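Examining the three-dimensional arrangement
Below, each chain spelled out in residue letters.
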Amino acid sequence: MEQHGTFPIVLQEEKNGGFSVTNLALEGCYSQGETVEEALENIKEATLLCLADEKTVPIKNENVSLHLITV
């Protein structure tokens with residue numbers, strides 16, 4: 001499998017079960033899965049499909065960082 005790069009993703013547990021996952025670097029690139037592992041595999045597949053789609057718009061975020069705060 002050809003490697004295309006590293007992408008920032010957000011994984012969120014859903015109220016009704018399962019997980020949603022979004023690739024923050026590609027507009028409209030998201031997926032889901034019943035488990036964390038399945039959701040992560042599915043976003044990899046979705047990312048490849050988005051990269052192959054000429055209509056997908058990359059989001060400029062070269063300097064993305066994750067910060068957690070406690071309040």
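Residues numbered from 1 in each chain as written. Predicted model: local features only at pLDDT ≥ 70, side-chain atom pairs only at ≥ 80, totals over all residues. Heavy atoms only, no water.

Now for the overall build of the protein. The number of helices and strands found in the protein is one helix and three strands. Secondary structure elements in the protein, listed N-terminal to C-terminal, are β-β-β-α. Expressed along its principal axes, the backbone C-alpha trace of the protein runs to roughly 40 × 30 × 20 Å. Taking all 71 residues of the protein together, the buried fraction comes to 20%. Within the protein, residue pairs in contact and separated by at least 24 positions form 32% of the contacts whose partners lie at least 6 positions apart. (Helix = DSSP H or I, 4+ residues; strand = E, 2+ residues; numbered from the N terminus. Buried < 20%, exposed > 50% of the residue type's maximum accessible area, 1.4 Å probe, protein only. Contact = heavy atoms within 4.5 Å.)

Attention shifts here to the pairing of strand 2 (residues 19–23). Alternating positions in strand 2 separate cleanly, Phe19, Val21 and Asn23 being buried on one face and Ser20 and Thr22 remaining unburied on the opposite face. Here strand 1 (residues 9–13) pairs with strand 2 via five bridges, running antiparallel. Across the sheet, Leu11 pairs through a bridge with Val21, a residue of strand 2. In this antiparallel pair of consecutive strands, strand 1 and strand 2, the connection spans five residues, and Gly17 shows a positive phi of 105°. Across four bridges, the pairing between strand 2 and strand 3 (residues 30–33) is antiparallel. When the bridges of strand 3 are listed, Phe19 appears paired with Gly33. Here strand 2 hands over to strand 3 after six residues, with Gly28 in that stretch at a positive phi of 80°. (Pairing = 2+ DSSP bridges.)

Further remarks concern the side chain of Thr47. Here Thr47 lies in helix 1 (residues 36–52). Judged by relative accessible area, Thr47 falls into the buried class, the value being 8%.

Right, let's talk about the sheet that holds strand 2 for a bit. If you trace the three strands from one edge of the open sheet to the other, you get 1-2-3, paired in antiparallel fashion. Only two strands of the sheet have a single partner each, and these edge strands are strand 1 and strand 3. Averaged over all neighbouring strand pairs, the angle between strand axes comes to 20°, with direction disregarded. (Axes fitted to C-alpha atoms, helices over the stretch in contact; angles between N-to-C directions.)

Turning to the confidence of the model for the protein, a few remarks are in order. For the protein, the mean per-residue pLDDT works out to 88, and 90% of the residues sit at or above 70. Ranking the elements of the protein by mean pLDDT puts strand 1 last, at 94, and strand 3 first, at 98. (pLDDT = per-residue confidence, 0-100.)

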